[in-house]
Amino acid sequence: MNVPESSSCEGNREIDRTPINDLLRASLCQIEEFSEKATENPIPSESWESIRSLCTSRMQDRQLDPHTRIRWARIAVTASDRKVVEGTSGLLKFTAEQARIKVYAIREFGVDYHDTVRDPNSLCRQIIASISYRRDEIERDATRWRDLPTPEILTLRLIKNVLTPLRDIETSLPDSPDGQHLRSLLPLIELLP
């Protein structure tokens, strides 16, 4: 069911410590307000995943206007930020999730260097910070991944998950050293498990 979204947040009731099911039926404005006050109202990581999933779906709803869809994208990124991230694989999973949301927003709504959700420079920095391997190490391991222990194979798979969305915005990647570095990694996607 497609619920019309309003650009105005006037007249919306405030959500305080509401059950997640009520929150998932809330308006865009209510969810924005709730996510802004999230540190005051901590909720479990699983609830943030539900919110992220809802917001990602609404971000992709072509029946909504672009401005509204961008607002949903911002909340999806916020919800992703609020989820618990543990260990290297957790960081790579988190970055892959964020990359999918941000690449979609850049591809659908264009580059905006003043909006961290649609800023390719910011996305490049985030991805590079999450991959703790040099290009030559990734290439070496990618060519022999079948011989590696399972945890290393999983790490390579997660690196692939982080890099794959960038194919959709390769021409929007900056000409900076970060953008050039990520472009140099894209051909390795085919080699990764």
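## What about the nonpolar core?
Side chains of a nonpolar character, in soluble globular proteins, are inclined to be buried together. Leu 123, Ile 127, Ile 131, Leu 163 and Leu 166 are the most contacted members of the largest nonpolar core, which has 26 residues in total. Setting aside residues no more than four positions away along its own chain, Ile 127 makes contact with Thr 95, Ala 99, Val 162, Leu 163, Leu 166 and Leu 182. Listed in part, the 23 residues of the second largest apolar core include Leu 28, Ile 51, Leu 54 and Ala 73.

## A word on the confidence of the model for the protein
The predicted model of the protein has a mean per-residue pLDDT of 87, with 84% of residues at 70 or higher. Low pLDDT, under 50, characterises residues 11-16; the predicted model gives this stretch 12 contacts beyond four residues in sequence or across chains.

## Some remarks on the pattern of salt bridges
Evaluation of the coordinates by the stated rule reveals 17 salt bridges. For Arg 140, the salt bridge identified is with Asp 141, shortest N-O distance 3.1 Å. Since its relative accessible area comes to 44%, Arg 140 is described here as partly exposed. Given the relative accessible area of 7%, Asp 141 is considered buried. Measuring nitrogen to oxygen at the nearest pair gives 3.8 Å for the salt bridge that ties Arg 183 to Asp 175. Residue Arg 183 is classed as partly exposed on the basis of its relative accessible area, which comes to 23%.

## What about the packing of helix α6 (residues 120-130) against helix α9 (residues 177-185)?
Between α6 and α9, the shortest axis-to-axis distance is 9 Å and the interhelical angle comes to 60°. It follows from the interaxial angle that α6 and α9 lie oblique. Like other packed secondary-structure pairs, α6 and α9 cross with a definite hand, here left-handed. From α6, Cys 124, Arg 125, Ile 127 and Ile 128 reach across to α9, where they touch Asp 178, Gly 179, His 181 and Leu 182. A per-class count over the contact of α6 with α9 returns 4 nonpolar, 2 polar and 2 charged.

## Re helix α8 (residues 150-163)
Taking 1.5 Å as the rise per residue, α8 with 14 residues should run 20 Å; its terminal C-alpha atoms sit 20 Å apart, in good agreement. The set of residues buried in α8 consists of Thr 155, Leu 156, Leu 158, Ile 159, Lys 160, Val 162 and Leu 163.

## Looking at the packing of aromatic side chains
Within this structure, the stated rule accounts for 2 aromatic pairs. Ring centres of Phe 34 and Trp 48 lie 6.0 Å apart, and the angle between their planes is 40°; this geometry places the pair in the tilted category. On the criterion of sequence distance, the pair formed by Phe 34 in helix α2 (residues 28-36) and Trp 48 in helix α3 (residues 45-59) is long-range, its members being 14 residues apart. With relative accessibility at 3%, the residue Trp 48 sits in the buried group. Ring centres 6.4 Å apart and planes at 75° place the aromatic pair Tyr 104 and Phe 109 in the edge-to-face group.

Rules used in this analysis
- Residues numbered from 1 in each chain as written.
- Predicted model: local features only at pLDDT ≥ 70, side-chain atom pairs only at ≥ 80, totals over all residues.
- Heavy atoms only, no water.
- Core = buried A, V, L, I, M, F, W, Y, C linked by side-chain atoms within 4.5 Å.
- Buried < 20%, exposed > 50% of the residue type's maximum accessible area, 1.4 Å probe, protein only.
- Contact = heavy atoms within 4.5 Å.
- pLDDT = per-residue confidence, 0-100.
- Salt bridge = Lys/Arg side-chain N within 4 Å of Asp/Glu carboxyl O.
- Axes fitted to C-alpha atoms, helices over the stretch in contact; angles between N-to-C directions.
- Helix = DSSP H or I, 4+ residues; strand = E, 2+ residues; numbered from the N terminus.
- Parallel < 35°, antiparallel > 145°, perpendicular 65-115°, else oblique.
- Left-handed = near helix turned anticlockwise from the far one by under 90°.
- Nonpolar A, V, L, I, M, F, W, Y, C, P; charged D, E, K, R; others polar.
- Expected span 1.5 Å × (residues − 1).
- Phe/Tyr/Trp six-rings, centres within 6.5 Å; stacked < 30°, edge-to-face > 60°.

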